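Residue-level structure breakdown
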Amino acid sequence: MDDTIYRVRGMHCASCAAIITKKLSETAGIGKVDVNPATEEAKITFSDKPLSDDELNAVVRKYGYELVSEKSGAGSSAAGIGSVTLTSGNELFAHKEEQLERQRKLVMRSLPAALLVFLFMMWDIAASAFSSLPHMPLSMEVFNGVTMILAAFFIFRIGTQFLDGIRMFLRHKVANMDTLIGIGTLSAFTYSSIVTIFPSLRELLALPSHTYFDVTIVVIGFVHLGKYLESRSRLKTGEAIGRLVGLQAKSAIVLRKGEEIEIPVEEVKKGNLLLVKPGAKIPVDGIIAKGSSSIDESMVTGEPFPVDRKEGDKVMAGTINRQGSFTFTAMKVGKETLLARIIAMVEEAQGSKAPIQNIADRIAAVFVPAVLAIAVSTLIAWLTLGSSILGFQSALPYAVMGFVGILVIACPCALGLATPTAIITGIGKGAQNGMLIRNAESLERLSRVDTVVLDKTGTITKGAPTLSDTIPLDNGITADALLQLAAGVERYSEHPLAEAIVRAAKSEKLELPEMTAFEASEGFGVKAMQGDVQVMVRKPAMQETLLPALQALLEQGKTVVIVEIDRKAAGIIALSDSLKEGAKEAVAAMKKQGMRIVMMTGDNPAAASHIASLAGIDEVIAGVLPTEKAAKIKKLQDEGNIVAMAGDGINDAPALVCADVGIAMATGTDIAMESAGITLLKGDIRKLPQAIMLSRATMRIIRQNLFWAFIYNIVGIPLAAGALYPVFGIVLNPVFSGIAMAGSSVSVVSNSLRLKTIKL
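Residues numbered from 1 in each chain as written. Predicted model: local features only at pLDDT ≥ 70, side-chain atom pairs only at ≥ 80, totals over all residues. Heavy atoms only, no water.

Points about the sheet that holds strand 10 (residues 307–309)
An order of 10-9-12 is seen for the 3 strands of this open sheet, with the pairing classed as antiparallel. In this open sheet, the two strands that pair with only one neighbour each are strand 10 and strand 12 (320–323). Shown here is a sheet whose adjacent strand axes are inclined to one another by a mean of 45°, direction ignored. Note that strand 9 (residues 293–296) and strand 12 share 3 bridges and pair antiparallel. Bridging across to strand 12, isoleucine 295 finds its partner in asparagine 321. (Pairing = 2+ DSSP bridges. Helix = DSSP H or I, 4+ residues; strand = E, 2+ residues; numbered from the N terminus. Axes fitted to C-alpha atoms, helices over the stretch in contact; angles between N-to-C directions.)

Some thoughts on helix 2 (residues 53–60)
Buried residues of helix 2: Leu56, Asn57, Val59 and Val60, and no others. Buried residues of helix 2, viewed axially, fall in a sector of 150°; they line one side. (Buried < 20%, exposed > 50% of the residue type's maximum accessible area, 1.4 Å probe, protein only. Arc of directions from axis to C-beta.)

Observations regarding the nonpolar core
The biggest cluster of nonpolar side chains holds 57 residues, and the ones touching the most others in it are Tyr212, Val371, Leu372, Val404 and Leu407. Contributions of two or more residues to this core are made by helix 3 (86–129), helix 4 (140–158), helix 5 (160–172), helix 6 (177–197), helix 8 (213–237), helix 12 (357–390), helix 13 (392–409) and helix 25 (687–721). Tallying contributions element by element places helix 13 first for this core, with 11 residues. Judged by nonpolar contacts, the second largest core, of 47 residues, contains Leu417, Ala440, Ala586 and Ile692. (Core = buried A, V, L, I, M, F, W, Y, C linked by side-chain atoms within 4.5 Å.)

Observations concerning helix 5
Under the 1.5 Å per step criterion, the end-to-end length of helix 5 is 18 Å for 13 residues, consistent within 8% with the ideal 18 Å. Here helix 5 has its buried residues at Gln161, Phe162, Leu163, Gly165, Ile166 and Met168. Note on helix 5: the residue one or two positions beyond its end, lysine 173, has a positive phi of about 60°. (Expected span 1.5 Å × (residues − 1).)

Quick look at the packing of helix 20 (residues 583–592) against helix 25
The contact between helix 20 and helix 25 brings their axes to 8 Å, and the two run at 25°. Judged by the inter-axis angle, helix 20 sits roughly parallel to helix 25. On the side of helix 20, the interface is formed by Ala586, Ala589 and Met590, while helix 25 contributes Leu688, Pro689 and Ile692. Considered class by class, the residues forming the contact of helix 20 with helix 25 number 6 nonpolar, no polar and no charged. (Parallel < 35°, antiparallel > 145°, perpendicular 65-115°, else oblique. Contact = heavy atoms within 4.5 Å. Nonpolar A, V, L, I, M, F, W, Y, C, P; charged D, E, K, R; others polar.)

Quick notes on the pairing of strand 22 (residues 596–600)
Most of strand 22 sits out of view: 4 of its 5 residues are buried. Pairing between strand 15 (residues 451–455) and strand 22: 5 bridges, direction parallel. Across the sheet, threonine 451 pairs through a bridge with arginine 596, a residue of strand 22. Relative to strand 23 (residues 619–621), strand 22 runs parallel, the two sharing 3 bridges. Bridge pairing in strand 23 links methionine 600 to isoleucine 621. Remark: the strand 22/helix 21 (residues 605–615)/strand 23 crossover connection has right-handed handedness. (Right-handed = clockwise from strand over helix to strand, strands pointing away.)

Quick word on the sheet that holds strand 8 (residues 285–291)
The pairing of strands in a sheet happens through backbone hydrogen bonds and is either parallel or antiparallel. What the 6 strands build is an open sheet, ordered 6-5-7-13-8-11; its pairing is antiparallel. Both edges of this open sheet fall to strand 6 (259–264) and strand 11 (314–315), since each of them pairs with a single strand only. Where strand 8 lies against strand 13 (residues 326–332), 6 bridges are found, and the strand directions are antiparallel. Bridge pairing in strand 13 places lysine 290 opposite threonine 327.

Here we look at the pattern of salt bridges
Applying the stated criterion to the full structure yields 19 salt bridges. Of the charged contacts, one joins lysine 310 and aspartate 313 as a salt bridge, the two residues approaching to 3.7 Å between their closest N and O atoms. For the salt bridge of glutamate 619 with arginine 596, the shortest nitrogen-to-oxygen distance reads 2.6 Å. With glutamate 619 in strand 23 and arginine 596 in strand 22, this residue pair connects regions lying 23 residues apart in the sequence. Arginine 596 gets classed as partly exposed once you look at its relative accessible area, which sits at 27%. The network of salt bridges with common partners includes Arg596, Glu619 and Glu639. (Salt bridge = Lys/Arg side-chain N within 4 Å of Asp/Glu carboxyl O.)

Structural notes on the environment of glutamate 41
Assignment of secondary structure puts glutamate 41 in strand 3 (residues 41–46). Separated by 36 residues in the primary sequence, glutamate 41 and isoleucine 5 place their C-alpha atoms 6.7 Å from one another.

Some remarks on unusual backbone geometry
Residue lysine 257 is not a glycine yet carries a positive backbone phi of 55°. Among the structural elements, lysine 257 can be located in the loop between strand 5 (251–256) and strand 6. With a phi angle near 50°, aspartate 566 is a residue other than glycine that sits in the positive phi range. Secondary-structure assignment places aspartate 566 in the loop between strand 20 (559–565) and strand 21 (568–579).

From the geometry alone we can't say anything about function, so treat these as descriptive.
In structure tokens, the structure reads:
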């Protein structure tokens, strides 16, 4: 079955994602559920007939969540890309901005009071520690009365989502981050209210007079601030989608019966003749029918300089026409355009999970119940063991602080954000630089690759024959004259080698002579008459291949033709597939990264070795049939190598699937791109070492994020429980637990955003 993707409302953290995953997975008719807290999306695979939105929401709404259907069919199109509309990215971005604005208003309502109370707390702590500092000008009774009213406002108005977390826990036995904050702050508020409102009861039970209204206020204020900073950072991690969606033109000028009619881009159909004016965005993919221009393709291909396009050239949706007007025929519209496919691929990849994320997911699923158990155990330990050593009156404040502090500091937000925020940023960075990464798994695998197998034709080389040598054999003719005559004959042929010879003559600005009586002999050559002179371009005879000049060319893997004038060999023309620009530099860069580089081709060993030597590749596997390529990859894997395969043709598809990471050239076939985990736009081989660098940087950031997410909890929970008390006689104030909790999430997201600054 196809996947359906839903936007999730009400999800705050990794434990929320774990609850949604668990409850939906238990629902009949659902095969698989992937919930991503960073993208706030759920991808559901139905085992049978898809459930309706109402049926799904009947499952999750009781826990405080809602699913909104966004797009479906991921995997249904030719390139494995869903039927995403170009407006969905804008809608999602707008929804996140609305959430951010709501969070900002909560911060504006809570933070000023929280900061003021925090300053009073610090003042009181400092005055107790240093006798030279005066105590607060307010009496404790007045301070408690004011802070009790303020704390009640914070809990029952500003912190209602935390109370909802408690209700959800009591009613449905599921807990998330809001549950932890709610139980902690409500417990502190309830205890403080009792000792303030009923002083006689406090005296009867010999309870300490210390209250925690200030803790309640500051924790809720700081948690909202942390959520706001986290939401703002998360919005930045996904801005690559927003920028790509913003490239889409809103309208197009269609030519109908000579009239210019502006229509919405959604109404453009294949075959429409469209006009593009200077400075306008190109609305859909097509082929220029008339005119020429310089087009800025940087946001789609990553190339910084505008490129010249003329009649017959392809143009892409979202690119900008810098100068000149032209008309073009629409060839791909809607979700078929390259821009739409890029957006869909990036969205799908950003919502996917890397294998390393499974660690965090497994922990998050049991984290909140475990924290509740630790918090209750700490409370009981202080009230029993602590009371037997310190006395009940002394142990009770530590019990309350330990209980509240653990619940606050143990928020698993950072744990849930550690992997997806880095994945979103890394894949967005790749998309902006012409590297389309299909999923997080491909990104993670690429970081571990140690062997890169490169197809020759179309990957390392341009994949089209070009003139390499023109050698006269007759002293009476020059190289230019030889090429001129050969091109004059070949202009009437449709053979790819003929096109290369004609193209070379035109590039040298040679005027092609008029020929008559053109005749082609299949498998041998072509001939024509220039006046009374016969000119023939043919394959070399067997004895001619023994000539030293021909042998040297053939050993370099070049294709050689003989030019005859009046049945006498007048010269040799050699053609070869040339290296792509930057191929040698790309190979050198990958070697520097520690990669073993192997070239695999169906060409003969001589041609393969020549190209390999030009590219700086030492290891060549030549003469490989298309059916054998996957087996060669498997053999390398069996030797213990982690293999990436780069190719562009239909014959490369099995090998791309077999490799640990398949890398396709966007200039190649759709089948190659469908089979690969990574696509390099414009077939630029220089982007391959950049992709490796990006994958390694992303995984490094993920490991750092997981370390910090774990270390906050591993160190923070024992500190909040009172691990420092036996040595230093102190227990971590819950306020600092709140600051640490917010800091952990913000630090993880900020660390992920560093990926945007790396130079590829």
